[in-house]
Amino acid sequence: MPDFSMSNLAVAFSITLAAGLFTVLGSGLVMFSKTPNPRVLSFGLAFAGGAMVYVSLTEIFSKSSEAFAEIYDKDHAFAAATMAFLAGMGGIALIDRLVPNPHETLDAQDPSFQESKRRHIARVGMMAAFAITAHNFPEGLATFFATLENPAVGMPLALAIAIHNIPEGISIAAPVYFATRSRKKTV
């Protein structure tokens, strides 16, 4: 078993903490809105979703293609990764069609929109916070142990995680800010 010094542990912990704090940076971006309104909520969630899809396409898709390259030649590996991606999209579309949506609609034209939907939107924010926290725990462990083992591996991993933590922070903060109207609870 490797012998890790306290300085190595401190560096690994610091890098992992810094990557995690980018979630707070993302939530801080939501506070630029003077008052919570449906447009900020919609934009924040759309941006966060779009950024996460972009990361999936650029990072995960290339890793999928590399994994398929172990079985197929380069062209067939790319085609297999593309087919897997499209099959995933089709599966989600099918689920969306077959499973009824239990959520209320958000109609900004409704005069009682902001008051009547706040509780529902607060729940969405809390569910996002729980899901993203569960998602970030193994990422933090991976970053910590990768940095502890080899900082040259841990740093790029921490940077990639930090970048995708920004939209995660937005996806938590936008509904919380909209529902509570509290900047303190947003961060």
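So, a few notes on the structure that sits alongside this text. (Residues numbered from 1 in each chain as written. Predicted model: local features only at pLDDT ≥ 70, side-chain atom pairs only at ≥ 80, totals over all residues. Heavy atoms only, no water.)

The secondary structure content of the protein chain amounts to six helices and zero strands. When the helices and strands of the protein chain are read in sequence order from the N terminus, they spell out α-α-α-α-α-α. For the protein chain, buried positions account for 30% of its 187 residues. If you take every contact in the protein chain between residues at least 6 apart in sequence, the share linking residues at least 24 apart comes to 74%. (Helix = DSSP H or I, 4+ residues; strand = E, 2+ residues; numbered from the N terminus. Buried < 20%, exposed > 50% of the residue type's maximum accessible area, 1.4 Å probe, protein only. Contact = heavy atoms within 4.5 Å.)

Time to look at helix 5 (residues 151-180). Relative to the 44 Å expected for 30 residues at 1.5 Å per residue, helix 5 spans 40 Å between its end C-alpha atoms, a close match to the ideal helical length. Remark: the principal bend of helix 5, roughly 25 degrees, maps to Asn165, with a proline, Pro167, within the next four residues. Of the residues that open helix 5, the one with a side-chain oxygen 3.0 Å from the backbone nitrogen of Ala152 is Asn150. After helix 5 finishes, the residue Arg181 shows a positive phi value of roughly 60 degrees. (Expected span 1.5 Å × (residues − 1). Bend = angle between axes of the 7 residues up to and from the residue. Polar contact = N/O pair within 3.5 Å; in protein donor to acceptor, adjacent residues only side chain to side chain.)

With that settled, the discussion passes to the side chain of Ser65. Position of Ser65 among the secondary structure elements: in helix 2 (residues 38-69). Accessibility expressed as a relative area gives 14% for Ser65, which makes it buried. Among residues more than four places away in sequence, those in contact with Ser65 are Ala77, Phe78 and Ala81.

Turning our attention to the environment of Met52. Here Met52 lies in helix 2. The partly exposed category is assigned to Met52, whose relative accessible area is 28%. Here the alpha-carbon distance between Met52 and Ile163, two residues 111 residues apart in the chain, equals 9.9 Å. If sequence neighbours within four positions are ignored, Met52 has contacts with Pro167, Glu168 and Ser171.

Relative orientation and spacing of two packed helices are given, respectively, by the angle between their axes and the distance between those axes. At a closest axis distance of 6 Å, the pairing of helix 1 (residues 6-30) and helix 5 adopts a crossing angle of 30 degrees. Two packed elements cross with a definite hand, and for helix 1 against helix 5 that hand is right-handed. Residue-level contacts link Ile15, Ala19, Gly20, Phe22, Thr23, Leu25, Gly26, Ser27, Leu29 and Val30 of helix 1 to Met155, Ala158, Ile161, Ala162, Asn165, Ile166, Glu168, Gly169, Ile170, Ala173, Ala174 and Tyr177 of helix 5. Here the contact of helix 1 with helix 5 is composed, by residue class, of 15 nonpolar, six polar and one charged. (Axes fitted to C-alpha atoms, helices over the stretch in contact; angles between N-to-C directions. Left-handed = near helix turned anticlockwise from the far one by under 90°. Nonpolar A, V, L, I, M, F, W, Y, C, P; charged D, E, K, R; others polar.)

Let us now look at the packing of aromatic side chains. This model, assessed by the stated rule, comprises four aromatic pairs. Ring centres of Phe61 and Phe85 lie 6.4 Å apart, and the angle between their planes is 90 degrees; on these two criteria the pair is classed as edge-to-face. Here Phe61 is found in helix 2, whereas its partner Phe85 is found in helix 3 (residues 74-98), with 24 residues between them in sequence. Taking 5.1 Å as the distance between ring centres and 80 degrees as the angle between the ring planes, the aromatic pair formed by Phe144 and Phe145 counts as edge-to-face. In this structure an aromatic cluster arises from ring pairing among Phe61, Phe78 and Phe85. (Phe/Tyr/Trp six-rings, centres within 6.5 Å; stacked < 30°, edge-to-face > 60°.)

Time to look at the environment of Arg118. Within the secondary structure, Arg118 is located in helix 4 (residues 113-149). It is 7.1 Å that separates the C-alpha atoms of Arg118 and Phe178, two residues lying 60 residues apart in sequence. In this view, Arg118 contacts Phe178, Ala179, Thr180 and Arg181; residues no more than four positions away in its chain are not counted.

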